[in-house]
Structure formats: C-alpha cells, structure tokens
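Below, each chain spelled out in residue letters.
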There are 2 protein chains.
Amino acid sequence: MTTVDIGNGRNGSTEGKPLVHKVEMPPKRSFLKEVGSGVRETFFHDPPIQGFKGLSRGQQVLQSLKFLFPILDWLSTYSLKMFFKDFLAGLTIASLAVPQDLGYASLTGIPPVYGLYSSFVPPLVYAVLGTSRNIAIGPVAVVSLLLGELLKQELSPTEDAAEYLQLAFTATFFAGIFQAGLGILRLGFITEFLSHATIIGFMGGAAITIALQQLKGLFNLFQHFTRHSDFVSVMRSVFGHIDEWNWRTIVMGLLFIAFLFSAKILAKKKPKLFWIAAIAPLTSVVVATAAVYLTRADKHGVHIVGHVKKGLNPSSFHRIFFSGKFTARAIKIGLVCGLVALTEGLAIGRTFATLRDYRVDGNKEMISFGFMNICGSFSSCYVTTGSFSRSSINYAAGALTPMANIVMASVVAITLTALTPLVYYTPNCILASVIITAVLSVVDVNAAWLIWKIDKGDFLACMGAFFGTLFVSVEIGLLVAVCISFVKILFHVTRPHTAILGNIPGTTVYRNVAQYLQATQVPGILAVRIDGPVYFSNASYIHDKVLAYLEAEKLRVEKINGPKVRYLVIDLTPVTNIDSSGVQAFEMIEKAVKRQQIQLTIANPGTSIMRKLDASNFISRLGSEWMFVTVGEAVQVCTILLNLQEA
Amino acid sequence: MTTVDIGNGRNGSTEGKPLVHKVEMPPKRSFLKEVGSGVRETFFHDPPIQGFKGLSRGQQVLQSLKFLFPILDWLSTYSLKMFFKDFLAGLTIASLAVPQDLGYASLTGIPPVYGLYSSFVPPLVYAVLGTSRNIAIGPVAVVSLLLGELLKQELSPTEDAAEYLQLAFTATFFAGIFQAGLGILRLGFITEFLSHATIIGFMGGAAITIALQQLKGLFNLFQHFTRHSDFVSVMRSVFGHIDEWNWRTIVMGLLFIAFLFSAKILAKKKPKLFWIAAIAPLTSVVVATAAVYLTRADKHGVHIVGHVKKGLNPSSFHRIFFSGKFTARAIKIGLVCGLVALTEGLAIGRTFATLRDYRVDGNKEMISFGFMNICGSFSSCYVTTGSFSRSSINYAAGALTPMANIVMASVVAITLTALTPLVYYTPNCILASVIITAVLSVVDVNAAWLIWKIDKGDFLACMGAFFGTLFVSVEIGLLVAVCISFVKILFHVTRPHTAILGNIPGTTVYRNVAQYLQATQVPGILAVRIDGPVYFSNASYIHDKVLAYLEAEKLRVEKINGPKVRYLVIDLTPVTNIDSSGVQAFEMIEKAVKRQQIQLTIANPGTSIMRKLDASNFISRLGSEWMFVTVGEAVQVCTILLNLQEA
C-alpha cells in the first residue's frame, strides 16, 4: 500500500477550498460535567422552574407559590365568563360521574357510596395542584377492576368487609406515596416504558373484561357469579345459571344500552350535541329508578342499589394499616395500581394538552396525582386518576380550567348530603348499562389497525396485552404488556440495521443502495453505514456483519472482474453512542481488514464517539487522517489514493 | 405563508442538475417478507450452512456431515507435521490441567478425581464437534466456584455427599441441555447481554474470591473454614483461627506462589519461554509431593490429597435426577452455570479466532458445549467449558486443531488409569498455589482502567459486578452485572442524543453546532437532528425536546432581532427505526409547529421510516414535497421559499 499522506484539511485543495474537512474533536469535559449532563438529560430535560432570573425576591416567592399551586396562576386571571363555561362543563361531567361512581365501586368490591366519596375529595385536591385544564378526576374502570382483583387475592370483600376496605385505603395511600415519590424524584420516564401499543391492547382487554363483569348486573346473577375476571370463567357463570336470569333486568338493561349507544353515536356525528351523550346516563338512571319505584320491580327480583349512607366523606386515616402483615401487600397493590393510574392519567393529560396547545409537566402531574390519592386515602376514597370518558366530555363541554373539577365535586357533595335516598330504587342493571357503554368506547379498533399497518412487532405486543387481560387476568395482561415492551427494546438494540452505501449520481451524497436504487458503489471502496449505537448487546453482531459485507463484496467484485476492495468506509452518522464493547468491535474490525490489506476509514463520528475512540487510543492507532466529516470526502480521498497506487 | 410549490426533483434546477432529489420510497414488502427478514437478521445473520448451491447430492451429504462434525473437515487435510505441533501443545496443557483439575473440583465441593474425569470426556466430545482451534476444554475456576455455591444452598457436600454429587451431575446435564437448546434455537445473542464491562468486573471479583478460598489450603484451615465465599467471612475464618495455621504449608505455598509468578512473568517477557509457565505447575506439584513424601510432612498436619480412585470415568447416567424435588433446583442451577460457562467459553473462542483470523460460529459452539456437558453428565463430569489459562497456553504452544484437546484428554486418561497413586502425597497447599497464580492473572486492571477512560457508565457496571461478587457472593455479583447491563440499555433508549445542526462553511454539509464550532445556523430555519430510533420509551422525550429547541431558538432570534423561524428541518439520518409511538410523536410535532406557522420538513428518512410514515399517512398529510434526501437540500429549498415570501 502506498504511503501518500492526505492529511485532513492540510493539502489537496481545489480552487482555494479545502478538499476535506477535519473531524472536530469536541472540547474535553471533566468527569463531573459528563455525569452532570447525563443526569440533567435523564431527569431534568424539562426543568421544573424556569424564568426565575431577573425577578425581585417578592416576585420569586409568588412565582414559587404559583409553581407549587397552579391554581394561584389561573385564578389570578379568572373571569366570570370563564366560570360560566367551567360551571356548565362541571355539571355535565357530574351527571356522568354519579352513575359511574356507583358502578365502579362495585367493580372494586366495595359499597357504592365509596365511589361517590372518591369523586369528591380527589378532584378538589387536583384542582389546586394540577396543570391539566381538561382532565376530569375520579375513579376509573380499569383501576377499579385491577384494584378489586388484587384485593380479592388477599381478602374476601363480603366476609372480611371491614378489613377489605382498610386494605383498599392502605393501597390507595401507598399508590399516592409512590406516585408523588416518582414525581419528586423526577422518575416520570418509568411510565414511558409502557408502550402505546401495549396500552391500547391492555385497555381494550380491560374494557371488555369490565363489560363482561357487568353481565352480573345485567342478568341479575347476584348469587353464583365467579370471582375471576377471565372470559371463560365469566361465560361459565353467565350460561351455567340460565335459570337465574331475570328477564326484567335484561330487557331494561338492553333497552338502555341501545339508548346510550344511540346518544353516543349521535354526539359523535354532531359534535354540538355532545351534551346528549353526557346527560344520557343520568337520564337513564332517573328513568330506570322511577320505573322500578312505580312498578315495584324490586319485589320481582330486580336487584337495586338500596340504602346509601348520607353525608360527606368520613375520615379514614385510622383505618390505614401502617404496620402488620397487610402493609407489605398493600404496598405491592398500591405500586401496581398507582402505576396504571398514573399511566392512564398522564396519557389523558398529554392528549388534551396537545389538542389545546399547552404543556402539562409530567413530573408535576405525578406529584398532583400522588397528593390527591394520599388525601383520598385519608377521606374514604380509593385510587383515582384522570378518567377518559369524563375528560373527553369535559373537553367537549368547553372546560377551561380545573374549576370544572370543583363544580363536579360540589355536585357530588350535594348528592352525598341530600340526594342519596333517591338512588335507593336505582336498579343495578342500569348501572351495568352505563358502564358497558362507557368502557366499550375505550376499545380502539382503529388504533389497533393503524398499529398493525405501521409495525407488526407493536401489533404483537398489543394483542399479547389484549388476550392476556381478557383470558387470564388484568394483572397478567399488564405483566405481558410490560414484558413485551421490554423484549422489544432489547430486540431493537441487539440487531441494529446496517446498509451498504452508494453514490447518488451527480452529488457527493451517499445513501443506502437498497433504498436508492440509482445509487452506485465506487470501485475499490466499500462504504457501510451502521444504523444505531454500538453496545455490548450488538457489538459482535456489528463486527460480524461488517466483515460479512466485505466478504460478499469481494465475491461480487471477483465475479465481475472488478478492482479489489482496498478501502472500507464506515459511516458512523447514525451511531450516536458506543461503549467499551463497541470500541473493541471497531478495533477488531480494524485488525481484521488490515490483515486483508484494506484500509479502514471512518466517516462522521459524533461528539461522544470521538471522545471514546480517542480515550481508547483508537484514533491515534488508526491515524486521524482516516477520519472524515462525510462519506463523500472519505471516498474522494480514497479514490485519489487508488489512482496514485495504480499509476 | 406562500404556496410556492417546489416539488422534489420536478423544478428549480440549475445547470441541468436537479436542485433537489426525491426521497425514494422502498419497494413494498409483504407481511411475511417483513417478518421473515426480521427473523433472519435476529437468528440467522450468520447462516449455519453456506455454499450448498451447485453441489451434487453426494457432496451435499459430505458437506452436511462436515458441518455437523467439523472434525471431518480438518482431519481431511491433517498432516503429521500438524500433529507434532498439536501433540506438544496437548502435552503442555495436560501438565497444567492435572493440578488445576484436582483443585477446581474441591472448589465445587466434590472429590478431586471428578476434576480429572471432567478433563477426559468433554475435551474428546468438543474435539469432534467444536470449531475453535485454540480453545482448551476442562473445568474452570469461576464455574466450579459458582456451581459449588449453588449446590451448597441445597445440600451439604460432606453430610449428603452422594446426593450432592447426583445434584451436580443433574445440574451439568441441564446446563448442557440449555446450552445446546440455545444453539439449536439460535438464541446465542442472549449471551451478548452480559456486557464486556460487567464480565471484566465479574471475572475479577470471582478470581479474587477464588484466590481467597485457597487460603484454606494455604493456611491448612480444614477444620473451621467458612462455607460462604464473601470477603468478610473468609477473612474472619482466616484470622479467627490463627492457632490452626500451619507454618509448613504457608512457607511451602508462598514459595511456590513466588516460583509460579516468576515463571509467568518470565514467559510474559520472553514469549518463547511460554513453556516454562506451562510446566511450572506440574513441576511444583512433583517437587512438593516428593518433599512431603520424603519429610512425611503429612504426619505434621500438612493436608494432602490422599487416595484418588484409579480408573477411567464411571457411568453416572443412573445418578441423574429426572424427577423428584431436586430436578427443578438442578434446572435452575444448570441454567445459571450453563450461561456463565457459555459466556466464558464463547468469549475465549472469539478472542483466539480473531488473533488467528478465522471465524467461530457462536450458535454451533453452543451446541458443542451443550453436547459435551450432556455427555459429561453421563460420565461423572461436572460443568466444563473453554478455560482461559489453558487456552492461552494452548495458543502459545502453537496448537493448530482441536487435536490438542484429544492429546490432553489422553494424558489425563493415562493419569487416571495409572498415575493416581502418585498424587497421594500431593499437599493441598500446592494446589492452592497453582490456582491462586492461575486465577489472579484474570484480574484485568488495565481493562478496567480503559473502561473508566472510555465510558463512566460502563465502569460503574464493572465495579458493581466486581464488588457484588467479592463482598456478597458470585451469584449476586452475576445478578448485579446482568441488572446493570439491562438498566444501561434502557437508559440508552430512553434519552437519545439530539443536536442542533449548522452549515459547515463552503459545503452543503450540516453538522452538530456543539461539535463543529464553525458550523453556522441558517436564519429563519432551525435544523435539528435526532440521534437514535424513536420508540415508545423516548417518543415523548423527543417530542418535548424538539419543541424545546424551537422555543429556545425563538428566544435567541428575538434577542438578536433576527428573522422569525419559519421552517423546522428534522434530520432523521440516525433514526433507524420508529414504532407507532414514534409516528405519533412526529404527528404531534407537526401539529404543534403548524399552529406556530412553522413548516415541518424531514431530511433523509431511511427505508423503514419511510414505510411506517407512509403506512400512517403522515407523508400524505405533510406532503411528500417536504421530505428531502439531505439537510442541505431541505435548507436550500426553504431558503428559496423564505426569499420569495420576503419579496
């Protein structure tokens, strides 16, 4: 091999312009700076407090208070006109909330009144602390079901009713501690490990599971209904006791389901009529309750809600287990439910923020959710979060601030103090109908179809979570979702894409020859691009792959009698990071090609790559003249050298 | 915004050359092809059988046999000259193997003779099936210790000696099944999840742990030595029983350690004298045994090996638990030991293959290891793999083929059938000295230092594994190593690097302004590069980050009174893959910037990115005219449009 020296940027210029440019070595950073920048990007990429500079002490205090209690921020510019909108929205969601609360509580296995309690204190706390303007807080179907499933593994909701409730409050307390803790420690990115696809699958599966649970109310099967939530057990319960079916509840339930769905479809077609869908559940409840009262259907076996205790939330601080054998289990249950509640709530908050073009601070939201559940656990509430059905009604009704939550909480409070006797005759089948129509809209077939079109692996994850939830249990479905998400990440980093590059005619641009069919390879030179970071998990794959490309290229050249490959250009543009195994892989590639009389050249190494290749002395061993800013310049220099060698 | 149409490649040409090039949409692939290519890259990137085409049926059979039994391949060109080299190498490693085997077996807690058995059958099996030319097979220190630790959790090696051995064979059997299974299912990449850094740390910690264990033999503490392997317990055992120290064994042991280390250093300085280091252990054993025999030191408390059963490996097939309570535990132990053995063996095979410029097939190696352990478990052997100390001696001695393993096995066989009475008087302290010098060379301080220089995160992983092994247990150290490796992967995919791009003066190249300080941003245009795949785990981070860059840029422009940002160019060169969450993130970015009257343009999307953006209709919504092959062309078009808007 000739020893012509084409020092980068030093010679070989045309028309005064340098032929090649020097790859810049980024300025050295100290160890602390390096760690600091890693920590900052991981935990503080959205700094909690901004724009503090240049303010007086008083303004700083005010700014901090506004940061801690966002209510101070929006109340300072609040107007009567805004209140009017929030008031209407609050009323609308309250009319949806009351029937939902009664039903969701029984999903958890606790008396219906606790559902109402949970729609009173938490929304008030959120209104003070939260940053989302459209979210509506309350118990949600999936978390209610999940909490119920986990609690029933420990205790019986009927035989150990008191302890069962205590465990529920304790789990709620720890869910809050966990949520607030994640927010304070800025570990919000943990919720991102549940992928969009798995959430779609899990929510869909959970929604159908919840709908199936409602068959108990719809068919009036209060004697022999299974404790399990999987499809097979529920079907066996429903069809194994046909003799217990009550035609009154079935007819009433189906009629109302038809009514509620029609209202939904109408609202979807004419968005201005959203209020019809919003008040339909309450209307149904009123009509059904009146019907039962007038016909005394409860005497004919129609199951009714019955007596609901009057009065606002009683304190439950003394009912939380702070020690004893149930504490550890409550922590576990709280962790799982807290995480699911957080994921759902954050997703809803982000969705509406994007629609209205404002930002919700993920870590702050977590702290709000956390405090609202801690306060809730002290006042007889179970785990709450942002509810999808209520939030979308709230959004459609034009809510502008969290004031809508305050209005809703007030209506619930009035219900609790004065109106509970009215729900005595409410048939359970109407609650079942309300819940079925609410949850089935969560089954997002379009989203699943889009996922199928975009990414088959994602679709697999989606279906795994869906069927796991439907046929085993909510817990297992969630576990499947998390596992598949992780396995996906691991697969992605194990087999990065690689490509052979060719020149796009008439340019100095090099692109994947499999994508740009007009791109042509330059004789004597093989240009390869590695598409992704080179880590321990893929270093030996990358090493093998690059050498395999070289082998294949040699064979191809031999067949067409072309010039031998003398230069290997590795484009590192997409290689954003390497670790010590990655550096080792490059060293091994360099040694392997050198033995074959081939010169390795590197194109466009990034900042951290340059640092690491330098620290390992790779650059000085290879020679910094073989590092180029672009593939184009690398090929240009190699071509010149090839011509010199021939001459 | 003006509506000038700069269709890609359609108009705006200079000197006949097109101004911009069209981003190619890769040819559509069917679902099966897509899945197929994923499976191929994951499992078959190195197809097991190549070059089958164009061969006759007979040749194909021969080729297949050679593939299944590589011995047929190399034997067909074997010569006497080659045998001479292999013979010498085999003799050399045998002289190292015998003392090591006796010592390693006691690390596992089984009688010394089983160490010798394990150096007879497995090397023969490997010689038939294996593809590495330099690896030397036998029991290794780390696996012996790990196996011993795990077995002792189940049974006592002294009180339940028979069952203990049975459990060891059963674990070996399942280790083999697991190894062969991984190879057959082509899941070899699982071993890659142990990063280089964690292996360095783990091996270092294990080596010191093993050396510490040898203090038992060195100080003659056979009465009260701890069963634990952590640093603190061992130190307590050694210094808590000073009255039991035997000065004879200490002096003898230290003398031989000094001798063995000197031999090693000499061999390192003068590579031609490698054989001195190779035969030093056997020489030491012979000298020490003679000394004990002549002085009858065993009567003065010097612990000796004692009676070793004569004869070749007895069958142990009937001793394997195929059912009963120990089977499940043996499977667990076999899994862990099998994985560690595999990782070590594969690493050694790869290292020497690189030095000699040939390839070992990872999946085939696993099958060889698996069969060798299965056969071993039937013939009284415990888990074996490639030994680092023996393989490097084998390499230095010039071994050319696995024949060296056959020679070594033959020497061990002769020892077993005829020479076992000779080791009766061998003092245990000399075995301890041999092991200490063998394992301490595994502690690779230079590698650790290099890791520190290259990547601080890697170093943390390395130290975690090191201290976990040293201060808790080998098992925990391994667990720490694996966990840190996984957490590292997750961190990497959660917070990808991003950069603002600037133009390198005099070119159309755009590079990170933080790396290339001379790179300048173009007024009115913000170019951002995303350095890595956009997945669910980082999609919302990327979304936030890009919009934050835009905010910062707006502020910067406001300060210097520059022109408003009207175009956002996102360079997707390093984005090698996206999933449905990633597509969603781009959609949300597009909506967000549109509301700010900013046009999004995409530069250099890769094959799979184009497919996915197309499947989700992102391209048709954005308009394919806003997709560019390079950042340079995107900026060029945006600049023209900016000028038109001004005019």
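Residues numbered from 1 in each chain as written. Chains lettered and ligands numbered in written order. Predicted model: local features only at pLDDT ≥ 70, side-chain atom pairs only at ≥ 80, totals over all residues.

Q: Could you give an account of the sheet that holds strand E8 (residues 627–628) of chain B, naming the residues involved and the relevant values?
A: One open sheet accounts for six strands, arranged E4-E3-E5-E6-E7-E8 (chain B); its pairing is mixed. The open sheet has two edge strands with one neighbour each: strand E4 (510–512) and E8 of chain B. (Pairing = 2+ DSSP bridges. Helix = DSSP H or I, 4+ residues; strand = E, 2+ residues; numbered from the N terminus.)

Q: An account of the packing of helix H14 (residues 325–356) of chain A against helix H15 (residues 362–378) of chain A is requested, with residue identities and associated values reported.
A: All names here are of chain A. Taken N-terminus to C-terminus, the directions of H14 and H15 make an angle of 130 degrees; their axes are 10 Å apart at the nearest point. Judged by the angle between their axes, H14 and H15 are oblique. Of the two possible hands of crossing, H14 and H15 adopt the one that is right-handed. Contacts from Ala 341, Leu 342, Gly 345, Leu 346 and Gly 349 of H14 reach H15 at Gly 362, Glu 365, Met 366 and Phe 369. (Axes fitted to C-alpha atoms, helices over the stretch in contact; angles between N-to-C directions. Parallel < 35°, antiparallel > 145°, perpendicular 65-115°, else oblique. Left-handed = near helix turned anticlockwise from the far one by under 90°. Contact = placed C-beta atoms within 7 Å.)

Q: Please give an account of the relation of the copies chain B and chain A that cites residues and values.
A: In screw terms, the move from chain B to chain A is a rotation of 179 degrees and a rise of 0.0 Å along the axis, fitting with an RMSD of 0.2 Å. In symmetry terms, the pair is related by a two-fold rotation axis. For chain B, the residue whose C-alpha comes nearest the rotation axis is Pro 574 of chain B, separated from it by 1.7 Å. Take the interface residues of chain B: 99% of them recur as interface residues in chain A, which is what a same-surface contact looks like. (Least-squares fit on C-alpha atoms with pLDDT ≥ 70 in both.)

Q: Summarise the sheet that holds strand E6 (residues 567–571) of chain A; cite the residues concerned and give the values.
A: Residue and element names in this part refer to chain A. Overall, mixed pairing links the six strands, which are arranged E4-E3-E5-E6-E7-E8 in an open sheet. A strand with exactly one partner marks an edge of an open sheet, and here the two such strands are strand E4 (510–512) and strand E8 (627–628). Where strand E5 (residues 525–531) and E6 come together, five bridges link them in parallel fashion. Counted as the bridge partner of Val 528 is Ile 570 from E6. Of the strands in this sheet, strand E3 (497–503), E4, E5, E6, strand E7 (599–603) and E8 are in contact with helix H26 (residues 631–646), which crosses E6 at around 170 degrees.

Q: Could you give an account of the pairing of strand E5 (residues 525–531) of chain B, naming the residues involved and the relevant values?
A: All names here are of chain B. With seven of seven residues buried, E5 is to be regarded as a mostly interior element. With four bridges connecting them, strand E3 (residues 497–503) and E5 associate as antiparallel partners. For Thr 498, the partnering residue across the bridge sits in E5 and is Ile 530. You can see the chain leave E5, run along helix H22 (residues 539–559) and come back into strand E6 (residues 567–571), and the turn it takes is right-handed. (Buried ≥ 20, exposed ≤ 12 C-beta atoms within 10 Å, placed from the backbone. Right-handed = clockwise from strand over helix to strand, strands pointing away.)

Q: With reference to specific residues and values, describe the environment of His 543 of chain B.
A: Residues and elements named next belong to chain B. Structurally, the position occupied by His 543 is in helix H22. A residue is classified by how many C-beta atoms lie within 10 Å of it, and His 543, with 22 of them, is buried. C-alpha separation for the pair His 543 and Ala 175, spaced 368 residues apart in sequence, amounts to 46 Å. Beyond its immediate chain neighbours, meaning those up to four positions away, His 543 contacts Ala 585, Met 588 and Ile 589.

Q: Can you tell me about the environment of Ile 640 of chain B, naming the residues and giving the values?
A: Residues and elements named next belong to chain B. Mapped onto the secondary structure, Ile 640 falls in helix H26 (residues 631–646). Under the C-beta neighbour-count criterion, Ile 640 is labelled partly exposed, with 14 such atoms within 10 Å. Considered as a pair, Ile 640 and Val 509 are 131 residues apart in the sequence and their alpha carbons are 18 Å apart.

Q: Go over the interface of chain B and chain A, please, and point to the residues and values.
A: Contacts between the two partners involve 75 residues from chain B and, on the opposite side, 74 residues from chain A. Of all the elements, helix H23 (residues 580–595) of chain B adds the most residues to the side of chain B that touches chain A, at eight residues. In terms of residue class, the side of chain B that touches chain A is made up of 28 nonpolar, 26 polar and 21 charged. (Nonpolar A, V, L, I, M, F, W, Y, C, P; charged D, E, K, R; others polar.)

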